[in-house]
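# Notes for the structure review
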Amino acid sequence: MRALVYRGPFDVSVDNVEDPRIEHPNDVIVKITSSAICGSDLHMYEGRTAAEPGIVFGHENLGTVTETGSGVTSLRAGDRVVMPFNVACGFCKNCLAGNTGFCLTVNPGFAGGAYGYVAMGPYKGGQAEYLRVPYADFNCLKLPPGREHEEDFVLLADIFPTGYHGCELAEVSPGESVAVFGAGPVGLMAAYSAQIRGASKVFVVDRVPERLQKARDIGAIPIDFTQADPAEQVRDQTGGEGADKGVDAVGYQAQAHTGQAEEPATVLNALVETVRATGKVGVPGLYVPNDPGGVNEAAKHGLLLLAIGKLFEKGLGFGTGQANVKHYNRQLRDLIVEGRAKPSFVVSHRLPLDQAPQAYDKFDKRIEGYTKVVLQPAA
Ligand SMILES: NC(=O)c1ccc[n+]([C@@H]2O[C@H](COP(=O)([O-])OP(=O)(O)OC[C@H]3O[C@@H](n4cnc5c(N)ncnc54)[C@H](O)[C@@H]3O)[C@@H](O)[C@H]2O)c1
Ligand SMILES: [Zn+2]
Ligand SMILES: [Zn+2]
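Presented here is a report on the structure given in the accompanying data block. (Residues numbered from 1 in each chain as written. Chains lettered and ligands numbered in written order. Predicted model: local features only at pLDDT ≥ 70, side-chain atom pairs only at ≥ 80, totals over all residues. Heavy atoms only, no water.)

## Observations regarding the overall build of the chain
As a reminder of what qualifies: By the criteria applied, helices consist of DSSP H or I runs no shorter than four residues and strands consist of E runs no shorter than two, each listed in order from the N terminus. Based on C-alpha atoms, the radius of gyration is set beside the globule rule, defined as 2.2 Å times the residue count to the power 0.38. Type-normalised accessible area, obtained with a 1.4 Å probe on protein chains alone, sets the label of each residue: buried when under 20%, exposed when over 50%, and partly exposed for intermediate values. Contacts between residues were defined by any pair of non-hydrogen atoms, one from each residue, lying within 4.5 Å.
Across its full length, the chain holds 13 helices and 17 strands. For a compact globule of 379 residues, the expected C-alpha radius of gyration is about 21 Å, and the chain comes in at 20 Å, within 12% of that figure. Its C-alpha atoms give the chain principal-axis dimensions of about 60 × 45 × 40 Å. The buried share of the chain, taken over its 379 residues, is 56%. The long-range fraction of contacts in the chain, counting pairs at least 24 apart against all pairs at least 6 apart in sequence, stands at 71%.

## Quick word on the site of ligand 1
Applicable threshold: If even one non-hydrogen atom of a residue comes within 4 Å of a molecule or strand, that residue is called near it. Polar contacts here mean pairs of N or O atoms no more than 3.5 Å apart (in protein, one a potential hydrogen donor and the other a potential acceptor; neighbouring residues in sequence count only if both atoms are side-chain atoms). Exposure was quantified through the Shrake-Rupley algorithm and a 1.4 Å probe, taking into account, for residues, occlusion by the shown protein chains and nothing else. Residue type decides the class: Asp, Glu, Lys and Arg count as charged, Ala, Val, Leu, Ile, Met, Phe, Trp, Tyr, Cys and Pro as nonpolar, and the leftover types, Gly among them, as polar.
The immediate surroundings of ligand 1 are formed by 31 residues, with Asp206, Arg211, Gln255, Ala323 and Arg366 found nearest. Separating an oxygen atom of ligand 1 from a side-chain N or O atom of arginine 366 is a distance of 2.5 Å. A total of 870 Å² of accessible area belongs to ligand 1 in isolation, and the protein chains cover 95% of it. Residue assignment for the shell around ligand 1 shows that the elements contributing at least two residues are α1 (39-45), α6 (185-196), β11 (201-206) and α9 (266-274). In terms of residues, the shell around ligand 1 owes the most to one element, α1, which gives 3 residues. Here the residues of the shell around ligand 1 are counted per class, giving 15 nonpolar, 12 polar and 4 charged.

## Structural notes on the side chain of arginine 132
Looking at the element boundaries, arginine 132 is found in strand β8 (residues 130-133). A polar contact is formed between the side chain of arginine 132 and the side chain of glutamate 23, at a distance of 3.4 Å. At a separation of 2.8 Å, a polar atom in the side chain of arginine 132 contacts the side chain of aspartate 27. Discounting residues that sit within four places of it in the chain, arginine 132 has contacts with Pro20, Arg21, Glu23, Asp27, Val28, Ile29, Tyr115 and Tyr123.

## With respect to unusual backbone geometry
The backbone of phenylalanine 10 sits at a positive phi, close to 60°, despite the residue not being glycine. For phenylalanine 10, a relative accessible area of 49% gives the class partly exposed. Residue alanine 119 is not a glycine yet carries a positive backbone phi of 70°. Topologically, alanine 119 is positioned in the loop between β7 (113-114) and β8. Relative accessible area serves as the criterion here: at 46%, alanine 119 is assigned to the partly exposed category.

## Here we look at the environment of glycine 116
Along the chain, glycine 116 falls in the loop between β7 and β8. Residue glycine 116 is classed as buried on the basis of its relative accessible area, which comes to 1%. Spatially, the C-alpha atom of glycine 116 lies 13 Å from that of histidine 43, the residues being 73 residues apart in sequence.

## Some words on the coordination of the zinc ion (ligand 2)
Cut-off, in case you're wondering: As a rule, N, O and S atoms within 2.8 Å of a metal are its donors, except that Na, K and Ca use 3.2 Å; water is not among the atoms, so sites may look incomplete.
Cys38 (SG), His59 (NE2), Glu60 (OE) and Asp158 (OD) make up the full set of protein donors to the zinc ion (ligand 2), lying at 1.8 to 2.3 Å. One chain supplies every donor for the zinc ion (ligand 2), spaced along it as C-x20-H-E-x97-D. Taken together, the residues glutamate 60 in the loop between α1 and β4 (61-68) and aspartate 158 in the loop between α4 (150-153) and α5 (159-169) connect sequence positions 98 residues apart. With respect to class, glutamate 60 is no different from aspartate 158; both count as buried.

## Overview of the pattern of salt bridges
Oppositely charged side chains can pair when the atoms bearing their charge come close. What counts is decided by this rule: The salt bridge definition used is simple: a Lys or Arg side-chain nitrogen within 4 Å of an Asp or Glu carboxyl oxygen.
A complete count under the given rule lists 19 salt bridges for this structure. For glutamate 23, the salt bridge identified is with arginine 132, shortest N-O distance 3.4 Å. Here glutamate 23 is found in the loop between β2 (11-16) and β3 (28-36), whereas its partner arginine 132 is found in strand β8, with 109 residues between them in sequence. For arginine 132, a relative accessible area of 17% puts it in the buried group. The partner of aspartate 27 in a salt bridge is arginine 132, and the shortest N-O contact between them spans 2.8 Å. Highlighted residues: aspartate 27 in the loop between β2 and β3 and arginine 132 in strand β8, separated in sequence by 105 residues. Each member of the pair aspartate 27 and arginine 132 is classed as buried.

## A short note on the coordination of the zinc ion (ligand 3)
Counted only if it meets this: Metal sites are grouped by the angles between bound donors: all angles between 85 and 135 degrees with four donors is tetrahedral, opposite donors over 155 degrees apart with the others between 65 and 115 is square planar for four donors and octahedral for six, and any other pattern is irregular.
Around the zinc ion (ligand 3), the donor atoms from the protein are Cys89 (SG), Cys92 (SG), Cys95 (SG) and Cys103 (SG), and they sit 2.3 to 2.4 Å away. Around the zinc ion (ligand 3), the 4 donor atoms sit at angles spanning 101 to 117°, and that spread fits a shape best called tetrahedral. Here the donor residues of the zinc ion (ligand 3) are spaced in sequence according to C-x2-C-x2-C-x7-C. According to the relative accessible area criterion, cysteine 95 is buried, its value standing at 6%.

## Some thoughts on helix α13 (residues 356-365)
Selection rule: By construction, the arc corresponds to the directions joining the helix axis to the C-beta atoms.
Residues of α13 that are buried: Ala356, Ala359, Tyr360, Phe363 and Asp364. One face of α13 carries all of its buried residues, which in axial projection span an arc of 125°. In this fold, the buried residues of α13 make contact with β1 (2-8), β2, α1, α7 (209-217), β16 (349-351) and β17 (373-375).

## Topic: α6
As a reminder, the rule being used: To estimate how far a helix should extend, the number of its residues minus one is multiplied by 1.5 Å.
Here α6 is 12 residues long and its end C-alpha atoms lie 16 Å apart, about the 16 Å a rise of 1.5 Å per residue gives. Buried residues of α6: Pro185, Val186, Gly187, Leu188, Met189, Ala190, Ala191, Tyr192, Ser193 and Ala194, and no others. Tucked into the core, α6 has its buried residues touching α5, β10 (177-181), β11, α7 and β13 (243-248). Just downstream of α6 lies glycine 198, where phi reads positive at about 95°.

These figures come from the coordinates and say nothing about function on their own.
In C-alpha cells:
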C-alpha cells in the first residue's frame, strides 16, 4: 500500500510499504478515508525527536473497517469508525479511570501509546491506505455511515478532544473568561470548546494573522502578541484582574513574545502572568523530556525556567499531559451529529495522499493559510 514515510529532518515521501494485517484476534484493519496532519507530527518532521527514518506518520485517522479479527465483537466490515490518537487497552488501571492517554498495557515502560509516533509504541500511522487498529472494540468509535461530516469527525481523533481536554484540565465553567495561547488547530479547538462549556469571554493569543482571523470568526477575541505584552492585553480587557482560566496550546517550541527566538517556557510564564490568582491552567501543548533541538543544555533535557515563585504566590493550578481522547470523543461526536458543533472550520486543506510532502513543507512554514490539512488516501 501507499504510505507517508519519514526519511529524515524535513524529508518525507509517499512510498510503497507492506500492507497491515490482523496480528491479534482483537485487531481490525481500517481503510483510511481521512487522516489529518498534526502540529505534533511537525516535531518529528523537524528532527526535534528521536524519530528514526521509516516511521509511517498519522495519528488522526478515520475510515471504514475492512477486516476484523476473530475476537472482535462490536464491529464488522463496512463500519465507519474514527480512532483516538491514543492506543489504549481499556482494562488497565489508568484506562479504567478514563486516563486512556496513559495506558499501561500498550507501550510498556512509557505511559501511553499512539499511532505513527516516536516513543509511543510499535503502532504504524494512518497517513496511508490502511491501518491496523489494536484493541479494536475499545479504540474504534462508530460513526453514522456515509461521508457526511467527514471533516468534523476526523477531528475527533485528536484536536477537538485535545482542545476540550485543555478546558477540562483548566476546569472551564460557564461565565468564565479564558485565555488560550496558540491559534493553531489545538488552540482554536480549545477556544471553541471553552465556548461550548459556556465561557463568557475567550481570548486567543498568536501572531499569525490568518489564525487570529479564525479566532475572530468564531467570536473569540484575538490577541496579537507582537503588538504588546499579551498578559497586559488580557488584563486590560478583564478589569485588570486577568483571565479566570488559561490554556497552553503552544508547547515547548514557543516563540518569545519579544523577538523571534524560540523560548520554551514563554507560554507557561505568560499564563502565570495572564491568569488571575487561584485560577487554573490546562496545558495540552507538548513538553518533552528530551529535545535534541533544545535552545540550551537545560532545554535539551526538558528543564525549563518556570516562574514557580509567582505561580505559588498566585495559588495557580496547572494540569498537563496527553489528552484522554476516549473520555470525550463520544459526547463530542454527538454534538456534531446533532448540529451543535462544527469543528471543521479549522480545516484549511484537503489533499490526496500523494501531495502530503508538499503539505508538510507548507504547514511547517505556516504559509499560504496552511492550518489543518486532511489527507484523503482512499479518495
Ligand atoms: N496533549 C495532547 O494530547 C496533544 C495533542 C495534539 C497536539 N498537542 C500539542 O499541542 C500543541 C499545538 O498543536 P497545533 O497542532 O495547534 O500546533 P501549531 O504548531 O499549528 O500551533 C501552534 C501555534 O502557536 C503559535 N505560537 C508560537 N509561539 C507562541 C507564543 N509564545 N504565544 C502564543 N502563540 C504562539 C504559533 O504561531 C502557532 O500558530 C503542540 O505542542 C502539539 O504537539 C498535544
Ligand atoms: Zn495530533
Ligand atoms: Zn490501558
